[in-house]
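Letter by letter, the chains look like this.
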Amino acid sequence: MKSSLSRAPRSNNERAILSLIRQQQSMPKAQIAKALALSAQAATVNINKLEEDKLLLRDAPVKGRVGQPSVPFRLNPDGAFSFGLKIGRRRFDLILVDLQSTQTASVSVEVNEASVDELKSFLETYIPKLISQLEPELRSYVCGLGVAMPFDIWQWQAASDSATNTLSQWQNFDLKGYLESQFQLPVYISNDNNAACCAELSLGNPNNYSDFLYVYLGAFLGGAVVINHQLLEGKSGNAGAIGSMLNADREQLLSQCSLLSLQSELDKQQLGISVYELTDSQFTEHKRLVQPWLEKAAEAISIAMHNSLSLLDMQAVIIDSPLPSKALEQLKQLSIAAFARLDSRGLRSCEVSLGVCGEKAQSIGSAQLALSHHYF
């Protein structure tokens, strides 16, 4: 598959305009110029170029004011598309989004343990299928493939209780080289929780926090840090690795806070339920089984909150997970209560809220990688 959009990214002014319109949903030219401190001529030239390249659409003129009616511009959803791939320890998620970051197609598969061969089979089957769901004239508008995955995934084999060496295959596998060669697309790879946080920054964060700790409870506990509305990646892209923090017993927090451990509890009862597909009604039905796990997870999250707050003095903690809404809300309340029981002298309290992307946070965030490289 050959993409026509592996061309150079847009200019700084064009990217600023696209980012502003994405944030505001639609804006007229005069407001864009004012918000970005552009001259009317510069705004017109850049907006005309974006419209010509089918990245912007004109909305109906807004009448009823003095002077000429204003014409709002919005992103053209068909202006570009991006794949997002989440490689988990037990699950692969592939998503195709448009320029507005709206999901147009997706597919997921659960595996006993992620292997290189299973990933190849999954992608070589489903990337062509998802591409075929686009109109023929739009198929060349796919601008890239973003990948969200745990760094050094081969190190987590012991934590998954597997006796095989499946994960060790990843240590010498050139993932980026394989993907670019096989699918002829630019590839961008990120830590899975950084990607999830990018999704929250782009599509969530309704309270517009500028500084926050992002907590993602997936297969294992992980996180990311945002400072001044920017993701803090650290020297190796691994900042915010809260799962590696130690508890009072010198155990990593991820050992007491993982969806894998909850899945194990569900499997022991032979319920045939996947934690990634758990519904509110199932949570209510099996609350006695899930509740102790939630309390243990909340204890781990409260320690991560406490340690992070002592370093960052952040505004908020945002918690997200594939858990259903009722379980996630209870996890939030239990985490707040667990934090209140800790010795917090010298610390300033922060708000705690829930993320908006849930199960798809990491795959949506990975899809943002290619879009951001080209357009935002």
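The sections below set out a description of the structure shown in this document. (Residues numbered from 1 in each chain as written. Predicted model: local features only at pLDDT ≥ 70, side-chain atom pairs only at ≥ 80, totals over all residues. Heavy atoms only, no water.)

### A few points about the pattern of salt bridges
And step 1. Under the defined criterion, the tally for this structure stands at twelve salt bridges.
And step 2. One salt bridge in this structure joins D53 and K49, with 2.7 Å as the shortest N-O distance.
And step 3. Assessed through its relative accessible area of 36%, K49 is described here as partly exposed.
And step 4. A salt bridge links R91 to D93, with the shortest nitrogen-to-oxygen separation between them at 3.2 Å. Note on accessibility: R91 and D93 belong to one class, buried.
And step 5. Each of R10, E14, K49 and D53 takes part in one network of salt bridges that share partners. (Salt bridge = Lys/Arg side-chain N within 4 Å of Asp/Glu carboxyl O. Buried < 20%, exposed > 50% of the residue type's maximum accessible area, 1.4 Å probe, protein only.)

### Notes on a nonpolar patch on the surface
And step 1. Residues I227, L232, L311 and L312 make up a contiguous nonpolar surface patch of roughly 350 Å² in combined accessible area.
And step 2. Its location among the elements puts L312 in helix α9 (residues 287-312).
And step 3. L312 gets classed as partly exposed once you look at its relative accessible area, which sits at 30%. (Patch = residues over 30% accessible without salt bridge, like charges linked within 9 Å, V, L, I, M, F, W, Y side chains within 5 Å. Areas by Shrake-Rupley, 256 points an atom, 1.4 Å probe, with all protein chains shown as cover. Helix = DSSP H or I, 4+ residues; strand = E, 2+ residues; numbered from the N terminus.)

### Topic: the nonpolar core
And step 1. Membership of the largest hydrophobic core comes to 43 residues, with the highest contact counts inside it found for L18, L56, L99, F212, Y214, L371 and Y375.
And step 2. In contact with L99, not counting residues within four places along its chain, are L55, L75, N76, P77, G79, A80, L371, Y375 and F376.
And step 3. If you look at the next biggest cluster of nonpolar residues, it comprises 42 residues, including V215, C257, L260 and I319. (Core = buried A, V, L, I, M, F, W, Y, C linked by side-chain atoms within 4.5 Å. Contact = heavy atoms within 4.5 Å.)

### Points about helix α11 (residues 361-374)
And step 1. Taking 1.5 Å of rise per residue, 14 residues should cover 20 Å, and α11 covers 21 Å from first to last C-alpha, within 8% of that figure.
And step 2. Among the 14 residues that make up α11, twelve are buried, leaving the element largely enclosed by the rest of the structure.
And step 3. If you check which residues of α11 are buried, you get A361, Q362, S363, I364, G365, S366, A367, Q368, L369, A370, L371 and H374. (Expected span 1.5 Å × (residues − 1).)

### Some words on the sheet that holds strand β12 (residues 316-320)
And step 1. Read across the sheet, five strands follow the order β11-β10-β9-β12-β13 without closing on themselves; strand pairing throughout is mixed. Looking at the sheet topology across the chains shown, the edges are occupied by β11 (230-232) and β13 (351-354). The sheet shows a mean angle of 30 degrees between the axes of neighbouring strands, taken without regard to direction.
And step 2. Two strands pair when backbone bridges link them, and β12 and β13 are joined in this way by four bridges, in the parallel orientation. Across the sheet, V317 pairs through a bridge with V352, a residue of β13.
And step 3. Of the strands in this sheet, β9 (212-217), β12 and β13 touch helix α10 (residues 325-340), which is tilted by about 165 degrees from β13. (Pairing = 2+ DSSP bridges. Axes fitted to C-alpha atoms, helices over the stretch in contact; angles between N-to-C directions.)

### Overview of the pairing of strand β6 (residues 103-110)
And step 1. Sheet analysis places strand β5 (residues 91-98) next to β6, joined by seven bridges and oriented antiparallel. Looking across to β6, one finds that L94 is bridged to V107.
And step 2. The hairpin turn running from β5 into β6, its antiparallel successor, is four residues long, and S101 in that turn takes a positive phi close to 65 degrees.

### Thoughts on unusual backbone geometry
Excluding glycine, residues mostly carry a negative phi; peptide bonds, for their part, are mostly trans.
And step 1. Residue N208 is not a glycine yet carries a positive backbone phi of 55 degrees.
And step 2. Of note, the phi angle at H229 is positive, near 65 degrees, even though the residue is not glycine.
And step 3. Of note, H229 is situated in the loop between β10 (221-227) and β11.

### Focus: the packing of aromatic side chains
And step 1. Applying the stated criterion to the full structure yields six aromatic pairs.
And step 2. For the ring pair W170 and F173, a centre distance of 5.9 Å and an interplane angle of 75 degrees mean the geometry is edge-to-face.
And step 3. Residue W170 is classed as buried on the basis of its relative accessible area of 4%.
And step 4. Of the aromatic side chains, those joined through ring pairs into one cluster are W170, F173, Y178 and F183. (Phe/Tyr/Trp six-rings, centres within 6.5 Å; stacked < 30°, edge-to-face > 60°.)

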